[in-house]
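The primary structure of each chain is shown beneath.
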Amino acid sequence: MFTVTDLKQLAYCARLVYYGYCWPGVHLMPTAKMASGRIANVSAEIMEHRRSLRAYGLRQGEREFDVWLESESLNLCGRLDMLIVAPSAEGVELIPVDYKDSLTHERTARRIIPTLWHNWSVQLAAYAILVEQQRSHPVRRGFIYYIPQKRAREVMIDERLRAEVQDGLRAIESMVATEQYPPPTPYRRRCAACEYRRLCNDI
Ligand code: SF4
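Calculation notes
Residues numbered from 1 in each chain as written. Predicted model: local features only at pLDDT ≥ 70, side-chain atom pairs only at ≥ 80, totals over all residues. Heavy atoms only, no water. Near = heavy atom within 4 Å. Nonpolar A, V, L, I, M, F, W, Y, C, P; charged D, E, K, R; others polar. Core = buried A, V, L, I, M, F, W, Y, C linked by side-chain atoms within 4.5 Å. Buried < 20%, exposed > 50% of the residue type's maximum accessible area, 1.4 Å probe, protein only. Helix = DSSP H or I, 4+ residues; strand = E, 2+ residues; numbered from the N terminus. Contact = heavy atoms within 4.5 Å. Salt bridge = Lys/Arg side-chain N within 4 Å of Asp/Glu carboxyl O.

The protein chain has the name CRISPR-associated exonuclease Cas4 in an unreviewed UniProt entry, where Candidatus Thermofonsia Clade 3 bacterium is given as its organism.

Quick look at the structure:
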């Protein structure tokens, strides 16, 4: 079964997924950055219990943490950091939240906000689709929660993101079945900090 993380990586660089599935013996060890992210995740989870839902613009809602999601029909699974079940005019609203341990910012005309990378939105959309299947309830939006800044950014789960999840799953299935080596990411700045760089001899 493929994972939501595979979809996030595919949207970053298809070769990350290829190496993981098609090159036996290649195993990506967690880097110090990834490990510290996990530690931060745990402490954020504990803090989140005590914090209000203000970061999400909500007054009420139940929070579920570390929610395991799985779909046989999609051949996809993943563990969601937090699911908010909030009262709404339709009864309840289900809102997936993914934590990120990121300090990157971007400047808008009026303020500085944490950066929302596109592959994080794809990841969140994949969680949203899994929540919909598992709870038989539509998901309209989700949030990326930035642990260091204690801020959240809303992501609308629109048709474009949903299509990207479906297309991504088909692309991964085909890549793994045919073992066809994908081209490198066109965004070559990403390669500088990539753990697989030594395997990419054409960049
Ligand atoms: S080095 Fe660049 S092309 Fe190779 S896997 Fe990493 S991001 Fe992709």
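Now, onward.
Participant: Tell me about the site of the ligand, and please be specific about residues and values.
Facilitator: Around the ligand lies a shell formed by C13, R15, L16, Y19, P184, T185, C191, C194, Y196, R197, C200 and I203. By residue class, the composition of the shell around the ligand is nine nonpolar, one polar and two charged.

Participant: If you had to explain the nonpolar core to someone new, which residues and values would you point to?
Facilitator: L76 and V165 are the most contacted members of the largest nonpolar core, which totals 42 residues. Only α1 (4-12), α2 (14-22), β2 (62-71), β3 (76-88), α4 (118-135), β7 (141-146) and α5 (159-178) provide two or more residues apiece to this core. If you tally residues by element for this core, the top one is α4, at ten residues. If we ignore the near neighbours within four places in the chain, the residues touching L76 are M1, F2, T3, V4, L7, L69, E70, S71, A126, L130 and L169. Core analysis: the second largest hydrophobic core is formed by 13 residues, L58, M82, Y145 and I147 among them.

Participant: Describe the pattern of salt bridges, and please don't skip the residues or the numbers.
Facilitator: In this structure the tally under the stated criterion is nine salt bridges. Between R135 and E64 there is a salt bridge, with the nearest N and O atoms lying 2.7 Å from each other. One end of the pair, R135, is in helix α4; the other, E64, is in strand β2, and 71 residues separate them in sequence. A salt bridge links D167 to R170; its shortest N-O distance comes to 2.7 Å. Of this pair, D167 and R170 both sit in helix α5, separated by three residues, roughly a single helical turn. Using a relative accessible area of 42% as the deciding quantity, one classes D167 as partly exposed. Within this structure, E93, R140, R141 and E154 form a network of salt bridges that share partners.

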